Amino acid sequence: MKRIAVLYSENTPVLDALISKLENYHYQLMTVFPDNPDEFDLIVDVNFKDEAKSNVLKCHYSLLPAFPSDEPLREAFLAGVKVTGITIYYTKSQRILAQYPLFIKNEAHYDEILQEMMYLEQVILPIVVEKILTNEPVDIQSLLKGSHCSGGCSGCRH
């Protein structure tokens, strides 16, 4: 059975969504980086405040390689970009597994965009983790399977 470490610094809806996908796996919730990271098949960072010392699956609030900073959404918003999104990637190898766009309207406020990004992370990160654990390919079409829209609209939360 695969062993998963979930690194976190605070309880969030993203953490709850991820845990719901891990019911059939052996996982540990950790607030410190594991001493022996090689004991785990997958280490997932969910709002972990300390620096990861190994290859960790993480969500970044921009479409990498754009805005690779600690505050990518703020930089994107200040730069006036009209498309940003989230990137799910491995930290050490910089291998991108999934990206999903978020379109920014002209009158959008930073807090609204931040809420949308947190929602996207809550939906997409658990799906990507599940695909990794079942050794299935991750493709953008399957991320929101069953959704009635393609994202970025103001009438729903997709």
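Keep in mind the model is a prediction, meaning the values are calculated, not measured.

Calculation notes
Per chain, residues are indexed from 1 in the order of the written sequence. Given that the model is predicted, a residue must reach a pLDDT of at least 70 before its local features are reported, and side-chain atom pairs must reach 80 or more before they are shown or counted; all residues, however, enter totals for whole chains, interfaces and linings. Derived side-chain values reflect all non-hydrogen atoms in the structure, with water molecules and hydrogen atoms excluded from consideration. A run of DSSP states H or I qualifies as a helix once it reaches four residues; a run of E qualifies as a strand once it reaches two. Both are numbered from the N-terminal end. Throughout this description, buried means an accessible area under 20% of the type-specific maximum (1.4 Å probe, protein chains only), exposed means over 50%, and partly exposed covers the range between. Note on contacts: a residue pair is in contact if any heavy atoms of the two residues lie within 4.5 Å. In these tables, accessible area is a Shrake-Rupley quantity obtained with a 1.4 Å probe, and a residue counts as shielded only by the protein chains included in the view. In protein, a polar contact means a hydrogen-donor-capable atom and an acceptor-capable atom, both N or O and within 3.5 Å, with residues adjacent in sequence counting only if both atoms are side-chain atoms; elsewhere, any N or O pair within 3.5 Å suffices. Note on pairing: DSSP must find at least two bridges between two strands before they are called paired. Here, the arc refers to the directions that run from the helix axis to the C-beta atoms.

Side note on the overall build of the protein chain
A tally of regular secondary structure across the protein chain gives 4 helices and 6 strands. In the protein chain, the succession of helices and strands from N to C terminus is β-α-β-β-β-α-β-β-α-α. Across the 158 residues of the protein chain, 42% fall into the buried class. Long-range contacts, defined here as pairs at least 24 residues apart, represent 57% of the contacts in the protein chain between residues at least 6 apart. Surface summary for the protein chain: the accessible area is close to 8,900 Å², and the carbon and sulfur share equals 48%.

Looking at the side chain of T87
Mapped onto the elements of the fold, T87 is located in strand β5 (residues 83-90). With a relative accessible area of 0%, T87 lands in the buried category. A polar atom in the side chain of T87 sits 2.6 Å from the backbone oxygen of S62. In this structure the side chain of T87 is engaged in a polar contact, spanning 3.0 Å, whose partner is the side chain of Q99.

Points about the pairing of β5
Of all 8 residues that make up β5, 7 are buried, and the element is covered over most of its length. As paired elements, β5 and strand β6 (residues 95-103) share 8 bridges and run antiparallel to each other. Following the sheet pairing, T84 is matched in β6 by L102. In sequence, β5 turns back onto β6 through a hairpin of 4 residues, with Q94 there showing a positive phi of about 55°.

With respect to helix α2 (residues 72-79)
For α2, the set of buried residues is P72, L73 and A76. Along the axis of α2, the buried residues cluster in a sector spanning 95°; they form a single face. Residues of α2 that are buried make contact with β4 (57-60), β5 and α3 (110-133).

Structural notes on the pairing of strand β3 (residues 42-46)
β3 sits mainly inside the fold: 5 of its 5 residues count as buried. Of the two faces of β3, the one holding L42, V44 and V46 and the one holding I43 and D45 are both buried throughout. Relative to β3, strand β1 (residues 3-8) runs parallel, the two sharing 5 bridges. Residue pairing in the sheet places A5 in a bridge with I43 of β3.

Quick notes on the environment of P72
Summarising the element assignment, P72 is placed in helix α2. Using a relative accessible area of 7% as the deciding quantity, one classes P72 as buried. Each C-alpha atom, one on P72 and one on I86, is 10.0 Å from the other, the two residues being 14 residues apart in sequence. Other than its neighbours up to four places away in sequence, P72 contacts H60, Y61, S62 and F67.

Read these as layout, nothing more, since geometry by itself doesn't imply function.
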